[in-house]
Amino acid sequence: MMPMNPKQMKKMMKQMGIEMDEIEAEEVIIVTKGEEWIFKNPSVVRITAKGVETFQISGNYEVRERIVISEDDIKLIMEQAGVSEEEARKALEEAKGDIAEALLKLTEE
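Fair warning: this is a prediction, and the values are worked out from it, not measured in the lab. (Residues numbered from 1 in each chain as written. Predicted model: local features only at pLDDT ≥ 70, side-chain atom pairs only at ≥ 80, totals over all residues. Heavy atoms only, no water.)

Colleague: How would you explain the pattern of salt bridges if you had to name every residue and give the values?
Modeller: Within this structure, the stated rule accounts for 9 salt bridges. Between Glu-85 and Arg-89 there is a salt bridge, with its nearest N and O atoms 3.4 Å apart. Of this pair, Glu-85 and Arg-89 both sit in helix H3 (residues 85-94), separated by 4 residues, roughly a single helical turn. For Glu-85, a relative accessible area of 40% puts it in the partly exposed group. By relative accessible area, which is 27% here, Arg-89 ends up partly exposed. For Lys-105, the salt bridge goes to Glu-94, with nearest N and O atoms at 3.2 Å. In this pair, Lys-105 is assigned in helix H4 (residues 99-108) and Glu-94 in helix H3, connecting sequence segments 11 residues apart. Among the residues examined, Lys-105 registers a relative accessible area of 34% and is labelled partly exposed. With a relative accessible area of 42%, Glu-94 lands in the partly exposed category. One salt-bridge network, in which partners are shared between bridges, spans Asp-21, Arg-46 and Glu-53. (Salt bridge = Lys/Arg side-chain N within 4 Å of Asp/Glu carboxyl O. Helix = DSSP H or I, 4+ residues; strand = E, 2+ residues; numbered from the N terminus. Buried < 20%, exposed > 50% of the residue type's maximum accessible area, 1.4 Å probe, protein only.)

Colleague: I'd love a proper account of the sheet that holds strand E5 (residues 52-58), names of residues and values included.
Modeller: Ordered by their spatial adjacency, 3 strands build an open sheet running E1-E4-E5, and the pairing between neighbours is antiparallel. Looking at strand neighbours, the two that pair on one side only are strand E1 (18-23) and E5, the edges of this open sheet. If you compare each strand with its neighbour and ignore which way they point, the axes differ by 20° on average. Here strand E4 (residues 43-49) runs beside E5; their pairing, made up of 7 bridges, is antiparallel. Counterpart to Arg-46 in the pairing with E5 is Phe-55. (Pairing = 2+ DSSP bridges. Axes fitted to C-alpha atoms, helices over the stretch in contact; angles between N-to-C directions.)

These results come straight from atomic positions and should not be treated as a statement about function.
What follows is the structure in structure tokens.
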């Protein structure tokens, strides 16, 4: 098969009802239940075919653990340890959401 000119390829795809356009993204974050996938300076292409949009993301990424901390947990730590909201949030983040560990850390200091 001979290589195809990009303009010809785009014209052929348009005739088939497929449109592609690049999105100039600075960052893409995919959030799952336990992780965040962070793409910095990704290449993002939106493909529209028969009324359905799909996105293709490529580039370097890092995966971070996702820790969800509720406002109730922060209030509980604030009350029990007698600390500010900032200190309570930081302790919970460092303890990965573990209330007992965060309380111990704050009361030991």
